[in-house]
Amino acid sequence: MKLEIFNHSLVSTSLSPNTEKDDVLLALKMIFRPRKWKQGEEISILENEFKNYFKVNEAVSFNSGRSAFLAILKSFDLKEGEEVLFQAFTCNAVVNPIMRLKLKPVFVDCDESFNIDPKDLKEKITEKSKVVIVQHTFGQPAKMDEVLKICKDNNLILIEDCAHSLGAEYKGKKVGTFGKAAFFSFGRDKVISSVFGGMAITNDSKTGKKIRNFQRSCDFPSSFWVFQQLLHPILMHYIILPAYHFPSFGKFVLNFFQIFKILSKAVDKKEKEGKLPSLFPKRLPNALAILALNQLRKLEKFNIHRERIAKVYSEGLRGRFEFQGKVDQTKRIFMRFPILVDRKKDTERILVDLRKNKVLLNDGWRKTSIVPPDTDQKKMRYIIGSCPRAEEIAKRIINLPTHINISEKEARIVIKSLLKYVS
Ligand SMILES: Cc1ncc(COP(=O)(O)O)c(C=O)c1O
């Protein structure tokens, strides 16, 4: 889905970046097949493809990563007040399922890889600690040997948050297969996308059974909601992205569709205040399984492309900006290419400036420990100052696009525009 109007191209980290023409046509086709919207065979085909890809014995689909995460947490029979440890610099979609189950969120600081810091993790463990969530941020696997050892020594359940890392590996083994269970997201700007969608996987048959039973007890989202999601790639492609040629107009058009509920938002207002809306947890509707399958079959192509674009950024920006640290013996998948700007520079000003040249690099992963930045940190039970490194990353980060709709030429435009901000 290339947008070239008047010979200028729009460069954007977000705005449904994985969508290609075949995805748009598929969504269009599905609009006219309402009988296939909810139930259908593609749900189990998608689940089986996940099972085979990870060689695990259960894969259970949901309408989002947050629903899948809630289902996993529920399967462990945890008691009110027990602690779930996870890294700061995460999405509110991770915190809300924990709070919904009346568990206590405990924030752990990040290390140089923007993932959970094993040292801080050790320090935050108490007798009430029961679960550790490890997030492989932006496709960079965390220090799994250290995390696994800490979990084993302290009898903690490990869940992997693979919302950013489908296809990434640690020591030759796919992330998602290290813990008791893992979850994935097919959100609009994730590794693959069906606008909304998620998957829980596990190799533990008892846990798998519980997650499956829970999924069966969930409803499908409404037909109108499915319709909204099918409209998303179509309106994005034909109306919203062209409007973004004038960024403020594009934003106005997107807001218009969202205010009038023609499209739904990725994160509801309530979620920024610590509440999980009734849309979660729900099952994955068949129409979205069809979109996700189409994307899953392009995973290899997407990730190879991301690696190529990351190499361009790496060569063009090395020594000028700090990069996300690499963990030894990992295969990253570069869902984004994050850079850290100088402490003295204001990322907000840089982003506003770049926007004027149609370079849109605000993906919401910035400013605060719990993103998006307008999330109420207090209601997330995050104490400002408790994870200083996460806070610093959030202040200094700019995420560069690596998706399939970004060419090497456009990556060089991004590099050129960023080099202006190096002192
Ligand atoms: C790190 C991380 N975990 C979990 C989620 C939740 O996924 P979803 O949006 O599919 O609910 C997201 C995205 O929102 C995320 O970025």
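What counts and how
Residues numbered from 1 in each chain as written. Predicted model: local features only at pLDDT ≥ 70, side-chain atom pairs only at ≥ 80, totals over all residues. Heavy atoms only, no water. Pairing = 2+ DSSP bridges. Helix = DSSP H or I, 4+ residues; strand = E, 2+ residues; numbered from the N terminus. Axes fitted to C-alpha atoms, helices over the stretch in contact; angles between N-to-C directions. Contact = heavy atoms within 4.5 Å. Near = heavy atom within 4 Å. Polar contact = N/O pair within 3.5 Å; in protein donor to acceptor, adjacent residues only side chain to side chain. Areas by Shrake-Rupley, 256 points an atom, 1.4 Å probe, with all protein chains shown as cover. Nonpolar A, V, L, I, M, F, W, Y, C, P; charged D, E, K, R; others polar. Buried < 20%, exposed > 50% of the residue type's maximum accessible area, 1.4 Å probe, protein only. Arc of directions from axis to C-beta. Domains from an automatic or database assignment. Buried area = accessible area lost by both parts, 1.4 Å probe. Salt bridge = Lys/Arg side-chain N within 4 Å of Asp/Glu carboxyl O. pLDDT = per-residue confidence, 0-100.

A. Up close: the sheet that holds strand β9 (residues 157-161). The strand order across the open sheet built from seven strands is β4-β13-β12-β9-β8-β5-β7, with neighbouring strands paired in mixed fashion. Lying at the two open borders of the sheet, with one neighbouring strand each, are β4 (58-62) and β7 (104-108). Between one strand axis and the next, the sheet turns through 20° on average, direction left out of account. Sheet strands in contact with helix α6 (residues 144-153) are β8 (129-135) and β9, and its direction is about 150° off that of β9.

B. Spatial organisation of the site of the ligand. G65, R66, D161, S185 and K190 are the nearest of the 15 residues found near the ligand. Note that an oxygen atom of the ligand is positioned 2.6 Å from one of the side-chain N or O atoms of R66. Between the ligand and D161, the relevant distance is 2.7 Å, taken from a nitrogen atom to a side-chain nitrogen or oxygen of the residue. Here the ligand loses 96% of its free accessible area of 380 Å² to cover by the protein chains. When residues of the shell around the ligand are traced back to their parent elements, those giving at least two are α3 (65-74), α4 (92-100) and β12 (181-185). Classifying every residue of the shell around the ligand gives six nonpolar, six polar and three charged.

C. Spotlight on α6. Of the residues making up α6, those classed as buried are M144, V147, I150 and C151. One side of α6 carries all its buried residues, which in axial view fall inside an arc of 130°. Looking at α6, the residues exposed on the side facing more than 90 degrees away from the buried face are K149, K152 and D153. Buried-residue contacts for α6 involve α5 (118-124), β8, β9 and β10 (169-170). Positive backbone phi, at 55°, marks N155, one or two positions downstream of α6.

D. Region of interest: the side chain of S12. Structurally, S12 can be placed in strand β3 (residues 11-12). You can call S12 buried: its relative accessible area is 8%. Within the local environment of S12, its side chain forms a polar contact with the backbone oxygen of S14, the two atoms lying 3.2 Å apart.

E. Representation of the pairing of strand β5 (residues 83-87). With five of five residues buried, β5 lies mostly within the body of the structure. Relative to β7, β5 is paired through five bridges, and the arrangement is parallel. The residue bridging L85 from the neighbouring strand is V106, located in β7. Two elements, β5 and β8, share three bridges in a ladder whose sense is parallel. Directly across from L85, in β8, lies its bridge partner V132.

F. Focus on the domain arrangement of the protein chain. Parsing the protein chain into structural domains produces domain 1 (34-217) and domain 2 (299-419). On a C-alpha basis, the centres of domain 1 and domain 2 stand 23 Å from each other. In this assembly, 42 residues from domain 1 lie in contact with 40 residues from domain 2. Taking both partners together, domain 1 and domain 2 bury about 3400 Å²; carbon and sulfur atoms supply 64% of that area. The three residues of domain 1 that bury the most area against domain 2 are F89, F114 and F138, which together make up 22% of that side's buried surface. In this structure, the connection of domain 1 to domain 2 is made through two salt bridges.

G. Region of the structure containing the sheet that holds strand β19 (residues 397-400). Reading across the sheet, the three strands line up as β14-β16-β19 and stay open at both edges, with antiparallel pairing between neighbours. Each of the sheet's edge strands pairs with one partner strand only, and the pair in question is β14 (322-323) and β19. In terms of strand pairing, β14 meets strand β16 (residues 337-340) through two bridges, oriented antiparallel. By the bridge assignment for β16, F323 is matched with I339. Where helix α11 (residues 299-317) meets the sheet, it contacts β14, β16 and β19, and its direction lies at approximately 20° from that of β16.

H. Examining the confidence of the model for the protein chain more closely. Mean pLDDT for the protein chain: 96, with 98% of residues reaching 70 or above. Segment residues 3-7: pLDDT under 50, and nine contacts once partners within four positions in sequence are set aside and those in other chains are kept.

I. View of the pairing of β19. Burial along β19 is two-sided: the face carrying I397 and N399 and the face carrying I398 and L400 are both buried. Relative to β19, β16 is paired through four bridges, and the arrangement is antiparallel. When the sheet's bridge partners are listed, F337 is paired in β19 with L400.

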